[in-house]
Amino acid sequence: MNWFTRVRNSLGFSDKRSSEKDLWIKCKSCQEMLFVQEYEDNLSVCPRCEHHGRISADARLNLLLDEGFDLLPQPQVTEDPLKFKDSKKYTDRLKIARANNPHHDAFVVGSGTIDSHPAVVGVQDFGFMGGSMGMAVGMAFCAGAERALTRKCPYIVVTAAGGARMQEGILSLMQMPRATVMTRRLKEAGLPYIVVLTDPTTGGVTASYAMLGDIQIAEPGALIGFAGQRVIQDTIREQLPEGFQRAEYLHKHGMVDMVVKRHDLKATLANVIDYLQPPVAA
């Protein structure tokens, strides 16, 4: 038995459960089992039902920006200013999130080009504490806007968040007016501010910079709203319409300008930039 185990291990066989877990993923919409490689090659879009899954900040930047873009340094902020503790300390939650994420917080900014059009792209990562908006997110958003002002190019923000980060209390809510001020500065400079709403975009993020774009683009099926559907339904005591708070519903009612599939997003952004960006004087 020991001999068999040694031979088996030398051949590189992996544990059956681990292998199955790594090879397959279940679509959250149609429940079909998909090859992970096929799913990722298709930009995390289900090839059966076209459900758009969530992707990381790095995957999003690589999807939208041309090769050779620069990452802006992550801002340094005071951590755990309120000494917050619920079932865990806030500092412990941050450690866990950073251990499972390549970046220091939930907002990452890349500066480069989109199909040769200069652009700055900020991406919110739902994988980092639900993409929640704290001081670091607010600072990173503002840093991205400053870079766009310096480069005189469009600022594109891809949102994905559960809302403000409760562990930072009022300090997280202060990021809403700060971000809003930066969008006004972009407008005064005549620079496009474009928002791409992805699943999910909710809470304080929706109530601030997520809905202030010159152009509002959403991915198919994205959940977009402020309060949760159950809260709204219990408050108004009425049955909500089918598809409420989904991208297509918001597009139909004029809150979103267009719903664009992930495969077409880069080309669409390039066309929008080409249309909105003021011509450079010769």
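Everything in this summary refers to the structure shown in the same document. (Residues numbered from 1 in each chain as written. Predicted model: local features only at pLDDT ≥ 70, side-chain atom pairs only at ≥ 80, totals over all residues. Heavy atoms only, no water.)

Brief notes about helix H8 (residues 175-188)
- Relative to the 20 Å expected for 14 residues at 1.5 Å per residue, H8 spans 20 Å between its end C-alpha atoms, a close match to the ideal helical length.
- Within the span of H8, buried status applies to Gln-175, Ala-179, Met-182, Thr-183 and Leu-186. Projection of H8 onto a plane perpendicular to its axis shows the buried side chains occupying an angular sector of 100°, all on one side. Opposite the buried face of H8, at more than 90 degrees from it, the exposed residues are Lys-187 and Glu-188.
- Buried residues along H8 sit against helix H6 (135-151), strand S6 (155-161), helix H7 (169-173) and strand S7 (193-201).
- Two residues or fewer past H8, Gly-190 is found with a positive phi of approximately 75°. (Helix = DSSP H or I, 4+ residues; strand = E, 2+ residues; numbered from the N terminus. Expected span 1.5 Å × (residues − 1). Buried < 20%, exposed > 50% of the residue type's maximum accessible area, 1.4 Å probe, protein only. Arc of directions from axis to C-beta. Contact = heavy atoms within 4.5 Å.)

Quick look at the packing of aromatic side chains
- Tallied over the full model, the rule gives seven aromatic pairs.
- Here the aromatic rings of Phe-141 and Tyr-193 are separated by 6.2 Å at their centres, their planes lie at 85°, and the arrangement is edge-to-face. With Phe-141 in helix H6 and Tyr-193 in strand S7, this residue pair connects regions lying 52 residues apart in the sequence. Note on accessibility: Phe-141 and Tyr-193 belong to one class, buried.
- In textbook terms, an aromatic cluster arises when at least three aromatic residues are bridged by ring pairs, as seen for Phe-107, Phe-141, Tyr-155, Tyr-193 and Tyr-209.
- If you follow Arg-54 out to its NZ or CZ, it ends over the ring of Phe-126, 4.4 Å from the centre. (Phe/Tyr/Trp six-rings, centres within 6.5 Å; stacked < 30°, edge-to-face > 60°. Lys NZ or Arg CZ within 6 Å of the ring centre and 35° of its normal.)

Observations concerning a nonpolar patch on the surface
- A surface patch of nonpolar side chains, about 370 Å² in accessible area, is lined by Leu-23, Trp-24, Met-33 and Phe-35.
- Relative to the helices and strands, Phe-35 resides in strand S2 (residues 33-35). (Patch = residues over 30% accessible without salt bridge, like charges linked within 9 Å, V, L, I, M, F, W, Y side chains within 5 Å. Areas by Shrake-Rupley, 256 points an atom, 1.4 Å probe, with all protein chains shown as cover. Salt bridge = Lys/Arg side-chain N within 4 Å of Asp/Glu carboxyl O.)

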